[in-house]
Amino acid sequence: MPVVEEPETLPVAHWTLADAQSLLAAIRGIGAEGLFARDYEPTALAAAIKAGEGEALDQLASRLFVWLAEDLRDGRTPMPARVQWFAVDPDQDLHPNAQLLAQATEMHDIKGVLAGLAPKHPDYALLKDMLTKTKDPKQVAMIRANMDRWRWLAQDLGLQYLIINVPEQELRLTVNNQIIRTYRAIVGKPGKTATPQLAEQVKNVVFNPTWTVPQSIVVGEGLGARLIGNPKQAAREGYVATKNADGTITVVQQPGENNALGRVKLDMPNEHAIYIHDTPSRNLFAQPQRALSHGCIRAERATELAMTMAILGADLPPETAVEYNLSGKYTKVPMTNPWAVYITYFTVARDVNGVMRSFADLYGRDAPVIASFAQARQLHTSQRKSNEAVIKLDNPL
């Protein structure tokens, strides 16, 4: 049975009539952020303002302010509608409800505090601008859903990061929200091997990686039984097979041109066993539809990407990165500068040419988000990510 998450107790502050009027104005104008004024009871607030200052206004205005702040900071979409979204948003730790409420009422800056919660990524502002110009109801619903997805991530993604947009099948190396390089990506096939949405960190750059073959191939396809008694054949095929004490067989593919991970791997430890890597099948990057993997991200020009990461993230001299790459030997380079990775899911976003456009909803993730917007706002709970079962997607083939 899934854990039932409880709504958190909301803080209460004293409200002046002027601050309450400011809140009412913010609620009435919240459509510009892709949210709905009706969710924040503007009629009830207007009546409470008319009745004057006191406990009733304090309780109501505090509750509505927090609801609005939560939706702007964390997103309106309930967690069950965020399918396979495992990227934990830190914003409620950095800007807790009580702190926001105190700041807004003590500084008498309701509008400023609420405006300060908007995502800082340039795409959010572009979506907001699109919203003002779009008349088609279906497109409006799509824009709202994608604006909300930005709120599911950290407001500030950091100084330097990799971001993968799964529907677009592209990876970007970004510094100060400026795209430095773009790489085509191969992402997970729809279904059980769909790539989950994550917010992780690259811990190591691995040149000439080995690959531990999954048991689904070792046992299921008979690779282990075929190789365990014939080490010379295993070596010719680039494998080392080992029989373990419990009778199981471990098969490790050695570095080389035919290694399933290609020439490099970006190691980003997570419970899903998802990482970014090269591939010997580089011809697949020419295909327009690249949802082909068992979950992991394969990157075009992965060697260039890995060397750039090692230079910028581990202060590795360029000539040393080249040496490691050409050595043919397994070499792990630990990152000394944090480098975030965001595996996201946006169906309306900038393309590689910087133009806002729609992308195919590869995994059918839009429908539950859009449906949630058609329903009444749900109280926020302490749940921070999807509670779906974690599927380890460790087979790059």
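You'll find the structure just up there.
From a predicted model like this one, the values you see are computed outputs, not experimental measurements.

1. Some remarks on the overall build of the protein
Looking only at helices and strands, one finds 14 helices and 16 strands in the protein. Relative to its 397 residues, the protein shows a buried fraction of 52%. Considering only contacts within the protein whose residues lie at least 6 apart along the sequence, 72% involve residues at least 24 apart. Here the protein displays about 18,000 Å² of accessible surface, and carbon together with sulfur accounts for 55% of that area. Considering the protein, the positive charge centre built from 41 side chains and the negative charge centre built from 43 side chains are found 7 Å apart.

2. Considerations on the packing of aromatic side chains
With the rule as written, the count across this model stands at seven aromatic pairs. Taking the centre distance of 6.0 Å and the plane angle of 65 degrees together, the rings of F36 and F373 count as edge-to-face. Taken together, the residues F36 in the loop between helix 1 (17–28) and helix 2 (42–51) and F373 in helix 14 (residues 366–373) connect sequence positions 337 residues apart. Neither F36 nor F373 differs from the other in exposure class; each is buried. Geometry around F373 places R76 over its ring, the cationic atom sitting 5.2 Å from the centre. It is R365 that lies over the ring of Y345; its NZ or CZ is 5.5 Å from the centre.

3. With respect to the sheet that holds strand 7 (residues 239–243)
Spatially, 6-8-7 is the arrangement adopted by the three strands of the open sheet, whose pairing is antiparallel. Every other strand in the sheet has two partners, leaving strand 6 (211–212) and strand 7 as the edge strands with one partner each. Where strand 7 meets strand 8 (residues 249–253), five bridges bridge the pair, whose relative direction is antiparallel. The partner of V240 across the bridge, within strand 8, is V252.

4. Here we look at the pairing of strand 1 (residues 160–165)
Of all six residues in strand 1, five are buried, a share of seventy percent or more. Across six bridges, strand 1 lies against strand 2 (residues 170–175) in antiparallel orientation. Bridge assignment links I164 to a residue of strand 2, and that residue is L171. Hairpin connection of strand 1 to strand 2: four residues between the antiparallel strands, including Q169 at a positive phi of 60 degrees. Summarising the sheet, strand 1 and strand 14 (residues 340–344) pair through five bridges and their orientation is parallel. Within strand 14, the position partnered with N165 by the bridge is T344.

5. Points about unusual backbone geometry
Negative phi values dominate among residues other than glycine, just as trans dominates among peptide bonds. The backbone phi angle of Q169 is positive, close to 60 degrees, even though this residue is not glycine. On the accessibility criterion, Q169 (4% relative accessible area) is buried. You will see that D315, though not glycine, has its phi angle at about 55 degrees, which is positive. Along the polypeptide, D315 turns up in the loop between helix 12 (302–314) and helix 13 (318–327).

6. What to know about the pattern of salt bridges
Two side chains carrying opposite charge are able to pair once their charged atoms lie near each other. Taken as a whole, this structure holds 20 salt bridges when the rule is applied. The partner of D93 in a salt bridge is R384, with the nearest N and O atoms 3.1 Å apart. On the criterion of sequence distance, the pair formed by D93 in helix 4 (residues 91–94) and R384 in the segment after helix 14 is long-range, its members being 291 residues apart. Measuring nitrogen to oxygen at the nearest pair gives 3.6 Å for the salt bridge that ties R301 to E300. Overall, the relative accessible area of 38% leaves R301 in the partly exposed class. Here the salt bridges do not stand alone but share partners, grouping R181, E300, R301 and E304 into one network.

Rules and cut-offs
- Sequence order as written defines residue numbering, which begins from 1 separately in each chain.
- pLDDT decides what is reported in this predicted model: residues at 70 or higher carry local features, side-chain atom pairs at 80 or more are listed and counted, and totals for whole chains, interfaces and linings draw on all residues regardless.
- Values shown for side chains rest on all heavy atoms present in the structure; no hydrogens or waters enter the calculation.
- Think of it this way: any DSSP run of H or I at least four residues long counts as a helix, any run of E at least two long counts as a strand, and we number them from the N terminus.
- Exposed residues in this analysis have more than 50% of their type's maximum accessible area, buried residues have under 20%, and partly exposed residues fall in between, with area computed by a 1.4 Å probe over protein chains only.
- The criterion used for residue contact is that any of the two residues' heavy atoms lie within 4.5 Å.
- Accessibility throughout is a Shrake-Rupley quantity obtained with a 1.4 Å probe, and a residue counts as covered only by protein chains that appear here.
- All tallies of charge rest on Lys and Arg as positive and Asp and Glu as negative; His and the ends of each chain are not included.
- To locate a charge, take NZ of a lysine, CZ of an arginine, CG of an aspartate or CD of a glutamate.
- Between rings of Phe, Tyr and Trp, where Trp is taken as its six-membered ring, a pair exists when centres lie within 6.5 Å; planes separated by under 30 degrees are stacked, by over 60 edge-to-face, and by other angles tilted.
- Remark: a charge is flagged as sitting over a ring if the NZ atom of Lys or the CZ atom of Arg is within 6 Å of the ring centre and within 35 degrees of the ring normal.
- Note: two strands are recorded as paired if DSSP finds a minimum of 2 bridges between them.
- Salt bridge, as used here: a side-chain nitrogen of Lys or Arg that lies within 4 Å of a carboxyl oxygen of Asp or Glu.

Functional significance is not addressed by these values, which are geometric in nature.
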